[in-house]
Amino acid sequence: MRYISTRGKASSLSFEDVLLTGLASDGGLYVPESLPQFSHEEIASWSKLSYADLAHKIILPFVEDDISSSELKAMVDETYAGFNHKAVAPLVQLDQNEWVLELFHGPTLAFKDFALQLLGRLMDHALIKRDKRLVIMGATSGDTGSAAIEGCRHSERVQMFILHPHERVSEVQRRQMTTLMGDNIHNIAVRGNFDDCQQMVKQSFADQSFLNGGQLGAVNSINWARIMAQIVYYFYASVALGGPHRPVSFSVPTGNFGDIYAGYLAKKMGLPIKQLIVATNENDILHRCISANQYEKQGLVQTLSPSMDIMVSSNFERLLFDLYDRDGAALTELVTGLNDGTANSLEPQRWQQARELFSSHRVDDEQTCEVIGQVAQEHNYLLDPHSAIGVEAGRVCNQHPEVPMITLATAHPVKFPDAVIKAGQAAPELPVHLSDLHERPERCKVLDNDLATVQSYMMSQL
Ligand SMILES: *Cc1c(COP(=O)(O)O)cnc(C)c1O
């Protein structure tokens, strides 16, 4: 399998090159040249597989030029053995046809563990084979940072620098990052906001000369390997509920469009999915685009669901690439226009296609709390604010009540006690493996919001 850039200029790469590169040299994102196709018979035959065995089946065609079947098997087995639930991704039934897929049983209690636990192992494997080292730089508003650190901390060939906005992530989120000790782990708290952090990461990727020949690697969802790992749980949930013979729908709390894009790929690979619902908070550019063909950047709103607080969704470009018939030149023109504000909509017939593929809904903080309260009272189940947005969007957008609606529960409610308390519920307790989180020592460097300062600190640690 080869991978091509959405902007059409960078040359195609192998899986491992894409894994270690992140962004393409033409500024585009890598996507597979073609997708593996699975027949209904084949999907049906997977109904008794463990999560790890299913992951092996689905991921192998994407990586087999670089990784042998048995090597991949060992990696997925190790990855998902580290989850705290035997089913790895258990389904919980709320109502007749309403389900929640719990994706928060990994070490850091958010769905990002599904991809980042595997990513660390994939990177290690590639770096050892090539006898190379990698400097990872990432910005986080919370969940990505801890999941990435947890995923890469045993990797001897990776030095990892994670920037978060100083005093602007929740206490649980901060401690999940700063209490993970390792000589290769460097937490940097920037005296600025998340956009400042992200800007510094972008600038560092664009000009890597400060590393004196070193190479930067990416852990955010522009990295194809993250998307790939997320395709698996769509298949897993479907076959658990009678798929492929019985179709299902998914509602996905969405920020950067990585998670729901993986669902779209699952559908293209042969999984019968009736509806794919983009659930957003008040940062609703995707909802405005899908429902009204209005793609205009607005100021960032801080919400109770901070992991979905984004202005633009980087992975949307991967979908647009398909909607524009994989024409790199047309896409470059469109994306450049959307980014600099000279364009604010899609061509009408492309937009129609997007509407046929996705429904969307926006949920504000007040409704989020109402849903948390209602589901707690009537179904005795505590949702985190991101998952609550998914449940609400699933209810509003549901056009096929006879089909199971599965909301991806992207985080454990213990990570977001403020929203839970606002919703009138008691704050949940930390799970056993994190119960002493508030007593653990922390390590973190606070730095000024200045690129040169951050880069020279990085060099001093390498
Ligand atoms: C990252 C995250 C999301 C958004 O996922 P995307 O792939 O960026 O759309 C939603 N919920 C939680 C809890 C997250 O951590």
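The shown structure was predicted, so the numbers you read here are calculated from the model rather than taken from an experiment.

Caption draft 1: Quick peek at the site of the ligand. In the vicinity of the ligand, 15 residues are found, and the nearest of them are Lys112, Asp143, Gly255, Asn256 and Thr410. The separation between an oxygen atom of the ligand and a polar main-chain atom of asparagine 256 is 2.7 Å. In the complex, the protein chains occlude 96% of the 380 Å² of accessible area that the ligand would expose alone. Partitioning the shell around the ligand into residue classes produces five nonpolar, seven polar and three charged.

Caption draft 2: Examining the pattern of salt bridges more closely. The full count for this structure, using the stated rule, is 22 salt bridges. The residue arginine 130 makes a salt bridge to aspartate 17 at a minimum N-O spacing of 2.8 Å. A residue pair is termed long-range when its members are at least 10 positions apart, and arginine 130 in helix α5 (residues 112–130) and aspartate 17 in helix α1 (residues 15–21) qualify at 113 residues. Accessibility expressed as a relative area gives 32% for arginine 130, which makes it partly exposed. With its nearest N and O atoms 3.1 Å apart, the salt bridge here joins glutamate 347 to arginine 350. Judged by its relative accessible area of 16%, arginine 350 falls in the buried class. When salt bridges with common partners are traced through the structure, they connect Glu171, Arg174, Arg175 and Glu442 into a single cluster.

Caption draft 3: Geometry of the side chain of histidine 287. Residue placement: histidine 287 occurs in helix α11 (residues 285–292). If sequence neighbours within four positions are ignored, histidine 287 has contacts with Thr280, Ala292, Ser360, His361 and Arg362.

Caption draft 4: Representation of the nonpolar core in the model. The biggest cluster of nonpolar side chains holds 108 residues, and the ones touching the most others in it are Phe15, Tyr51, Tyr80, Met160, Trp224, Phe235 and Phe250. When residues of this core are assigned to their parent elements, the largest contribution, 13 residues, is made by helix α9 (residues 224–240). Beyond its immediate sequence surroundings of up to four residues, phenylalanine 235 is in contact with Phe38, Ile43, Trp46, Leu54, Ile58, Ala266, Met269 and Leu271.

Caption draft 5: Structural context of the environment of arginine 157. As for its placement among the helices and strands, arginine 157 is situated in the loop between α6 (143–152) and β6 (158–165). On a C-alpha basis, the gap between arginine 157 and methionine 123 in space is 8.8 Å, while along the polypeptide they are 34 residues apart. If sequence neighbours within four positions are ignored, arginine 157 has contacts with Asp124, Leu127, Ile128, Asp131, Lys132, Arg133 and Leu134.

Conventions and cut-offs
- Residues numbered from 1 in each chain as written.
- Predicted model: local features only at pLDDT ≥ 70, side-chain atom pairs only at ≥ 80, totals over all residues.
- Heavy atoms only, no water.
- Near = heavy atom within 4 Å.
- Polar contact = N/O pair within 3.5 Å; in protein donor to acceptor, adjacent residues only side chain to side chain.
- Areas by Shrake-Rupley, 256 points an atom, 1.4 Å probe, with all protein chains shown as cover.
- Nonpolar A, V, L, I, M, F, W, Y, C, P; charged D, E, K, R; others polar.
- Salt bridge = Lys/Arg side-chain N within 4 Å of Asp/Glu carboxyl O.
- Helix = DSSP H or I, 4+ residues; strand = E, 2+ residues; numbered from the N terminus.
- Buried < 20%, exposed > 50% of the residue type's maximum accessible area, 1.4 Å probe, protein only.
- Contact = heavy atoms within 4.5 Å.
- Core = buried A, V, L, I, M, F, W, Y, C linked by side-chain atoms within 4.5 Å.

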